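The residues making up each chain are set out below.
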Amino acid sequence: MKTIYLSRAKSGKLSLALAAAALLAGTAAPGVLAETYTAAFTKTITMTAAHGAGVPQGEIKFTIGVPAALPGWAGDTAVLGTAGQIRDAEPTATFTGAQNSVSVPLLFDSDDFTAPGDYLFTLQEQAPGIAGLEQDSALRYIQVHVVNANPEAPDGTYRIESLTVVTADGADKTGAFTNAYTTHALTVEKQLSGNFASLRDVFTFTITLNDPHATSVTAKTGAAGADLTDDDGTEVAFVNGTATATAQIRGGEKLEVTGLPETMTYTIEESGDAAQYYTTAWDGATATPGSDKTTQTQAMESEDQTVTVTNTRNAPSPTGLLLDAAPYGAMVLAAGAGSVLLLRKRRDA
């Protein structure tokens, strides 16, 4: 874990060279009392459980507290920290969707420590409030190592030499919190029915997605039964919490959108020149009253979802064709009967 320490002199003059050396060394220079000590730990969102999703955006807060007792692994120099020694009791990790790991600052005041030792504080992640993001609720400790500001001639002043984030059992000092971001897939399959349906007809589908924390999803098209896992697809970005995935497919094909967390809402609309000649039925979604070409707002669940859209087109009824042609048929029959009578009269004469 890369840790950065920022120090400033509390009294006296601090030369530029001394300040630069202290910053590069990652600690305050000997004999210099650091008023504020800043370190950082890593907060990571792992995307391994998600397919086709961008890193969600939002804030994840943490709580720094005081342990009720020292853990069993604590050494002889361990000391229980106090609330007054915590500069910021609620540090925040801010994700913008640009990267899946960010640094979270930890602030402590050196002049609040009254003796050398390893001061322990608790560190826990609060519920993130981001759909699909699993909370890393495991307890960690912050170990603040405090030493004499003047080790060769202790004068009752102290400084923070290092800060480490440790797992609850004291075994791991990587300082990382990791959350798995789990998402699901929404598939729209096109089926055709009727004796006048054509596999050459193209239908346009528009899926409108809404989620306040999502940054992107992935859209893919292919045969209805095909596995599109290895297809890179097209990234669809969210703007102000909304994204639109549009594709043209034929009968026997599908539009698949991956990267949708649970509770994300969506609507589906069918359009295109061919769609007007077909009636539309939805299986897996509810049509909007008065329009069979759009769905009502639907919500993702904790599993992949499939919506089957069946378009039906039949040829005009054969009975109707005969009725429409009846007058012309009668005229043909009448003409034929007249010809037969005329031939008979000629033969008799």
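Since we're looking at a predicted model, the values are computed, not measured.

Chemist: Looking at this structure, how should I read the sheet that holds strand β17 (residues 279-283)?
Modeler: Pairing between the strands of a sheet is mediated by backbone hydrogen bonds and can be parallel or antiparallel. On the basis of which strands lie adjacent, the open sheet formed by six strands has the order β13-β12-β15-β10-β21-β17 and mixed pairing. The sheet is open, and its two borders are formed by β13 (234-237) and β17, each paired with just one other strand. Each strand axis lies, on average, 20° off the axis of its neighbour in the sheet, ignoring direction. When strand β10 (residues 184-193) meets strand β21 (residues 305-312), the two strands line up parallel, connected through eight bridges.

Chemist: What's the story with the environment of F41 in this structure? I'm lost.
Modeler: Within the element layout of this structure, F41 appears in strand β1 (residues 36-46). It is 5.4 Å that separates the C-alpha atoms of F41 and G175, two residues lying 134 residues apart in sequence.

Chemist: What exactly am I supposed to notice about a negative patch on the surface here?
Modeler: On the surface, D227, D230, D231 and D232 cluster together into a patch of negative charge. By the element assignment, D231 lies in the loop between β12 (216-223) and β13.

Chemist: Is there a simple way to explain the pairing of β21 in this structure?
Modeler: The side chains of a regular strand alternate between the sheet's two faces. The pairing of β17 with β21 spans five bridges and is classified as antiparallel. Each bridged residue has a counterpart across the sheet, and for T279 the counterpart in β21 is T312.

Chemist: I tried to follow the pattern of salt bridges on my own but got confused; where do I start?
Modeler: Once the charged atoms of two side chains with opposite charge are near each other, the side chains can pair. According to the stated counting rule, one finds eight salt bridges in the structure shown. Taking the shortest distance from any N to any O, the salt bridge between E59 and K61 comes out at 3.9 Å. Accessibility expressed as a relative area gives 30% for K61, which makes it partly exposed. Note that K293 is salt-bridged to E270, the shortest N-O span being 3.8 Å. Here E270 lies in strand β16 (residues 265-271) and K293 lies in strand β19 (residues 291-295), a separation of 23 residues in the sequence. Judged by relative accessible area, which is 3%, E270 ranks as buried.

Chemist: Explain the sheet that holds strand β5 (residues 101-109) to me, please; I cannot follow it from the model alone.
Modeler: Taken in spatial order, the three strands line up as β5-β1-β9 in an open sheet, and their pairing is mixed. The sheet terminates laterally at β5 and β9 (176-180), the two strands that pair on one side only. For this sheet, the mean angle separating the axes of adjacent strands, direction not counted, is 25°. Both β1 and β9 contribute to a ladder of five bridges, which runs parallel. Bridge pairing links K43 to F177 in β9.

Criteria and thresholds
- Residues numbered from 1 in each chain as written.
- Predicted model: local features only at pLDDT ≥ 70, side-chain atom pairs only at ≥ 80, totals over all residues.
- Heavy atoms only, no water.
- Pairing = 2+ DSSP bridges.
- Helix = DSSP H or I, 4+ residues; strand = E, 2+ residues; numbered from the N terminus.
- Axes fitted to C-alpha atoms, helices over the stretch in contact; angles between N-to-C directions.
- Patch = residues over 30% accessible without salt bridge, like charges linked within 9 Å, V, L, I, M, F, W, Y side chains within 5 Å.
- Areas by Shrake-Rupley, 256 points an atom, 1.4 Å probe, with all protein chains shown as cover.
- Salt bridge = Lys/Arg side-chain N within 4 Å of Asp/Glu carboxyl O.
- Lys, Arg positive; Asp, Glu negative; His and termini not counted.
- Charge placed at Lys NZ, Arg CZ, Asp CG, Glu CD.
- Buried < 20%, exposed > 50% of the residue type's maximum accessible area, 1.4 Å probe, protein only.

Keep in mind these numbers describe shape, not what the thing actually does.
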